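Summary of the model geometry
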Protein chains: 2
Amino acid sequence: MDNSQPVATDSPVLGIGIAAVERDTGLGKDTLRIWERRYGFPQPLRDAFGERVYPPEQVEHLRLVKRLMDQGQRPGALLRQPMADLGALVADGGATVGADDTADWIVPMLKARDIDPLRAELAQRLARDGLERFVIETVPALNRRIGDGWMTGEIEIFEEHLYTELVQNQLRSATHALASRGTRPQVLLTTLKEEEHLLGLLMVESLLAANGAACVSLGAQTPIADIVGAARATNTDIVALSFSAAYPWRKARDALIQLRAALPVATELWVGGAGLAGRGRKIAGVRAIGVLRDVAPALTDWHAAHPPRARH
Amino acid sequence: MDNSQPVATDSPVLGIGIAAVERDTGLGKDTLRIWERRYGFPQPLRDAFGERVYPPEQVEHLRLVKRLMDQGQRPGALLRQPMADLGALVADGGATVGADDTADWIVPMLKARDIDPLRAELAQRLARDGLERFVIETVPALNRRIGDGWMTGEIEIFEEHLYTELVQNQLRSATHALASRGTRPQVLLTTLKEEEHLLGLLMVESLLAANGAACVSLGAQTPIADIVGAARATNTDIVALSFSAAYPWRKARDALIQLRAALPVATELWVGGAGLAGRGRKIAGVRAIGVLRDVAPALTDWHAAHPPRARH
DNA sequence: CGCATTATTTTGTCCTGGACAAACGTGTGG
DNA sequence: CCACACGTTTGTCCAGGACAAAATAATGCG
C-alpha cells in the first residue's frame, strides 16, 4: 500500500506504521496499542526509533478481526483465539453460502480501474435482471465479495469507495426514473445520527419505489427532531430507517422509542438493516423488516390496512 | 451538532468532547492537545472527570485556523495571533472577492435537504450556462461558499459531502455525455497517493473533454508505478495531475521528478491545483496550469505543437 | 417463561508529558 | 535563478494509568 513511492514513509517490505494500519483497518491507534498490551496481539516489530511496524500478515489478521467485529463479534474472544479458524466464523456470521463466485467478476474490473466499463456492466445487469432482482440478489452478492476482498487486503479502501459510489449512482438513477410522487404510501427514508451507511437505505428506497411507494430520502445522519419535522411537514405515511450491524443496539432501541413517541400515531415506523436483524426484540409500534425480500410484502400489508379511498 | 438527541453524548450547551472536535474540524486529537500545551490555544473547559470540553466559539475558531492552514498558512503564526482579524487572512489567501452572494442559494437548499430539487437546480445551471462556464465560474463559487459555511459551522460535514457528491455526479455525467474516444490528445487524469480530492480533477477532466480531448480518469490516489504503466499501455499523450493546497510541496516535487523520469519523453506531464499555484518553481518537463481558464489555451498549444497528421 | 433492572466484566477512549522526525523557511554559494 | 545545508516549527508516536460506556450475566418481577 505504501511502497512504490520510495521517498515517503519508507516501509520497504517489513511492514507499515500505526497510522497506516489505522487507515487500512479502521481500528484506532489507541485501540491497537491497548490490544497489544492486553491480549498480546498484534505484536508489531519496532523500527530504529522504537516505533511500531506492523508486518502484512498482522495487518491482514487485524482486518479479519475488524470485519468480524462489524458483524457483531466481540474482540476479546477473537483475539484470544490462536488466530486459527476465524474464517469459519466469517461463514457463520456473514451468511456466506460460498457459492459467491458469481460476483467475482467485479474484482478484476475494480482493480483495473475500468470505470466506464464497470459502470456499463452494472447498468446492463440492472437492465437485464430488473431492479428488484438486482437489489435483492446482485448487490448483496457484490457487497459480500467486496467485503471479503477488503478483509483479505485484495481490495483497497478507495476501491471499495469507488464501488460503493458506482452502485449508489445506479440505484439513484434507477429509483429516480420510476419516481412517482403523489402515490401512497408516502415513505420518508433516512438514517440516524452516527449511522452513515447509505447503501442499504438506497437499496430499500429503490425496492419501495419499484413497488409504487412515493419515496423521499433525507440522506444519512438526520437528527430525530428533523425526522419528526419532515414527517409532519410532508404528511408521511411511513418513516423507514436503516441500521448497519455496527450500530449499538441499545442506542438504536432508545432512539426508536423516542422517535415512535414523537411521531404522529398514524405514521408507521419501519426499521431494517443488519443492526436490527438478529438481536431485535419487538418494540411497540415499530415494524422490523429482517430481509430485503420482506419489503414488498410489508407494502402489501400496508395497502391491505389502508384501503385506497379511506384517506382524509 | 450533538444536541437534540438527549440520550447520547450529553453535551448540553457548554461544549463538545475532543473526539467530536476532531470530527468537526479535521484536526487530530494529538494536535489539539499539543497546541494547547504549546500555544495556549485552544483552552477547553474540563468536565467532572477532567476531560476536555470545547466551547462552541473555540471550535469555530479552530475551524477557521484549519481552513487557513488548508490554504497554506502555518499554525504558529495563526495561533499566536490574538484571535483577531483572521478573516482578513481568509480574504488574502482564498482570492475571495466578496461578491460571492451569487452562490448563497446553495445553503438553504442544502440545509433543507432538498436533494432532488438541488440536483435539478445544478443540472439546470449546467445546461443554461454551458459546461465551461459552469466549471470555471459556478462550481468554484459554490466551493467557496461551502468552504466558508463549513468554517463558520453553518454547514455540517455530511452536508458538504452531499454537495460534493452531487456536483461530482453532474460533472461525471456531463463529461461522459461528450466523451470522444479516439481523438487527440489522449489525456490520463489522476491524483497521487495521499491526495484524495477528486473534485478538482473532475473539473479539469470536464474542461478537457469539452475541448475535444479524450480523457481517461484513473480516479484518485494512484501509485506512480501504476500511472506509468497505464500511460504506456494506453499510449497517452498527456498525464494530468491535481494537487490540493494541503499537499506538501516537496513531496509533490519529488514525485513529479520521479514520474517525469519514468514517463516516455513524448508524454507530457501537466499539473494543476492550489497546491502548486503559488509556490511552484518550474520543474523541467512539467507544465504547471495555474488557473482553470488556462486549460483550454494549454490544449491549443498542444495542438499547435502536434500537427494533426504527424502522428506515427 | 418473557421482560426489565441491576451487577460484573469487557472494551474503547481519554489523560499527562516526553521525544524525535519530517516539513518548513532561510541563508549561502554556485 | 536554483541547489544544498542549517536551525525552527510542527505533527505524530510512545508509555502507562484511569475511567466511562457497552455488553454480558445475574437477578427480580409479572
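In short, a report on the structure. (Residues numbered from 1 in each chain as written. Chains lettered and ligands numbered in written order. Predicted model: local features only at pLDDT ≥ 70, side-chain atom pairs only at ≥ 80, totals over all residues. Heavy atoms only, no water.)

1. A word on the overall build of chain A
On a plain count of helices and strands, chain A comes out with 14 helices and seven strands. Each of the 312 residues in chain A was classed as buried or not, and the buried ones make up 48%. In chain A, the proportion of contacts linking residues at least 24 apart, taken out of those at least 6 apart, comes to 69%. As presented, chain A carries roughly 15,200 Å² of accessible surface, and 55% of it is formed by carbon and sulfur atoms. (Helix = DSSP H or I, 4+ residues; strand = E, 2+ residues; numbered from the N terminus. Buried < 20%, exposed > 50% of the residue type's maximum accessible area, 1.4 Å probe, protein only. Contact = heavy atoms within 4.5 Å. Areas by Shrake-Rupley, 256 points an atom, 1.4 Å probe, with all protein chains shown as cover.)

2. So, the pattern of salt bridges
Residues and elements named next belong to chain A. By the definition in use, this model includes 34 salt bridges over all chains. Of the charged contacts, one joins Glu-137 and Arg-133 as a salt bridge, the two residues approaching to 3.0 Å between their closest N and O atoms. Here Glu-137 and its partner Arg-133 are both found in helix H8 (residues 131–151), four residues apart, which amounts to about one turn of the helix. Glu-137 gets classed as partly exposed once you look at its relative accessible area, which sits at 37%. For Glu-154, the salt bridge goes to Arg-145, with nearest N and O atoms at 3.4 Å. For Arg-145, a relative accessible area of 14% gives the class buried. It is possible to trace a salt-bridge network through shared partners that takes in Arg-128, Asp-129, Arg-133 and Glu-137. (Salt bridge = Lys/Arg side-chain N within 4 Å of Asp/Glu carboxyl O.)

3. Regarding the nonpolar core
Residues and elements named next belong to chain A. Grouped together as the largest cluster of nonpolar side chains are 46 residues, with contacts concentrated most on Ile-106, Leu-110, Tyr-163, Leu-171, Leu-208 and Trp-270. Elements represented by at least two residues in this core include exactly helix H6 (106–111), helix H7 (115–129), H8, helix H9 (157–177), strand E3 (186–190), helix H10 (199–210), strand E5 (238–242) and helix H14 (295–305). It is H8 that provides the largest number of residues to this core, a total of eight residues. Here this core gathers at least three residues from each of two domains, domain 2 (100–176) and domain 3 (179–305). Non-local contacts of Leu-171, meaning those with residues more than four positions away in its chain, are made with Leu-131, Phe-134, Val-135, Leu-199, Leu-202, Met-203 and Ser-206. (Core = buried A, V, L, I, M, F, W, Y, C linked by side-chain atoms within 4.5 Å. Domains from an automatic or database assignment.)

4. Here's the deal with the packing of H9(A) against H10(A)
All names here are of chain A. One way to put it is that H9 packs onto H10 with a least axis distance of 9 Å and a crossing angle of 20 degrees. Here H9 lies roughly parallel to H10, going by the angle between them. The chirality of how H9 crosses H10 is left-handed. Between H9 and H10, the contacting residues are Thr-164, Val-167, Gln-168, Leu-171, Arg-172 and Thr-175 on the first element and Leu-199, Leu-202, Met-203, Glu-205, Ser-206 and Ala-209 on the second. (Axes fitted to C-alpha atoms, helices over the stretch in contact; angles between N-to-C directions. Parallel < 35°, antiparallel > 145°, perpendicular 65-115°, else oblique. Left-handed = near helix turned anticlockwise from the far one by under 90°.)

5. What about the environment of B:Met109?
All names here are of chain B. Counting through the fold element by element, Met-109 comes out in helix H6 (residues 106–111). Taking the relative accessible area as the measure of exposure, Met-109 reaches 16% and is therefore buried. Spatially, the C-alpha atoms of Met-109 and Glu-121 are 9.7 Å apart, while their sequence positions differ by 12 residues. Once residues within four sequence positions are removed from consideration, Met-109 is found in contact with Asp-114, Pro-117, Leu-118 and Glu-121.

6. Observations concerning the sheet that holds strand E4 (residues 214–217) of chain A
Sheets are built from strands that pair by backbone hydrogen bonding, the pairs being arranged parallel or antiparallel. All names here are of chain A. The strand order E4-E3-E5-E6-E7 describes an open sheet built from five strands, whose pairing is parallel. One side of each edge strand has no neighbouring strand; the edge strands of this open sheet are E4 and strand E7 (286–289). On average, each strand axis in the sheet is inclined to that of its neighbour by 25 degrees, with strand direction left out of account. Pairing of E3 with E4, which is carried by four bridges, proceeds in the parallel orientation. Within E4, the residue paired with Gln-186 across the bridge is Ala-214. Contacting E3, E4, E5 and strand E6 (268–272), H10 crosses the sheet at an angle of about 170 degrees to E3. (Pairing = 2+ DSSP bridges.)

7. Brief notes about the protein's contact with DNA strand C
Not every one of the 27 residues close to DNA strand C is listed here, only the nearest: A:Arg38, A:Phe49, A:Gly76, B:Arg33 and B:Arg52. The protein-proximal atoms of DNA strand C, defined as those within 4 Å of the protein, are 66% sugar or phosphate. The side chain of A:Thr31 places a nitrogen or oxygen atom 2.9 Å from a phosphate oxygen of DNA strand C. At 2.7 Å, a side-chain N or O of A:Trp35 approaches a phosphate oxygen of DNA strand C. Only helix H2 (29–39) and helix H4 (75–80) of chain A together with helix H1 (18–25), helix H2 (29–39) and helix H12 (249–262) of chain B provide two or more residues apiece to the surface near DNA strand C. Among the elements that make up the surface near DNA strand C, the one with the highest residue count is H2(A) (six residues). (Near = heavy atom within 4 Å. Polar contact = N/O pair within 3.5 Å; in protein donor to acceptor, adjacent residues only side chain to side chain.)

8. Topic: the pairing of E3(A)
Two faces, one strand: in a regular strand the side chains alternate between the faces of the sheet. Residue and element names in this part refer to chain A. Buried residues dominate E3, accounting for five of its five residues. Of the two faces of E3, the one holding Gln-186, Leu-188 and Thr-190 and the one holding Val-187 and Leu-189 are both buried throughout. Taken together, the four bridges between E3 and E5 define a ladder with parallel strand orientation. Within E5, the position partnered with Val-187 by the bridge is Ile-238.

9. Remarks on the sheet that holds strand E3 (residues 186–190) of chain B
Residues and elements named next belong to chain B. Taken in spatial order, the five strands line up as E4-E3-E5-E6-E7 in an open sheet, and their pairing is parallel. With one partner strand each, in any of the chains shown, strand E4 (214–217) and strand E7 (286–289) form the two edges of the open sheet. Strand-to-strand twist in this sheet, taken as the mean axis angle between neighbours without regard to direction, amounts to 25 degrees.

10. Here we look at helix H10 (residues 199–210) of chain B
Taking 1.5 Å as the rise per residue, H10(B) with 12 residues should run 16 Å; its terminal C-alpha atoms sit 16 Å apart, in good agreement. By the criterion of burial, H10(B) is predominantly enclosed, with 10 of the 12 residues buried. (Expected span 1.5 Å × (residues − 1).)

11. A short note on the protein's contact with DNA strand D
Neighbouring DNA strand D are 25 residues; A:Arg33, A:Arg250, B:Arg38, B:Phe49 and B:Gly76 lie closest to it. Near the protein, meaning within 4 Å, the atoms of DNA strand D are sugar or phosphate in a fraction of 68%, with bases accounting for the rest. At a separation of 2.7 Å, a base nitrogen of DNA strand D approaches a polar side-chain atom of A:Arg37. A distance of 3.3 Å separates a sugar or linking oxygen of DNA strand D from a polar atom in the side chain of B:Arg74.

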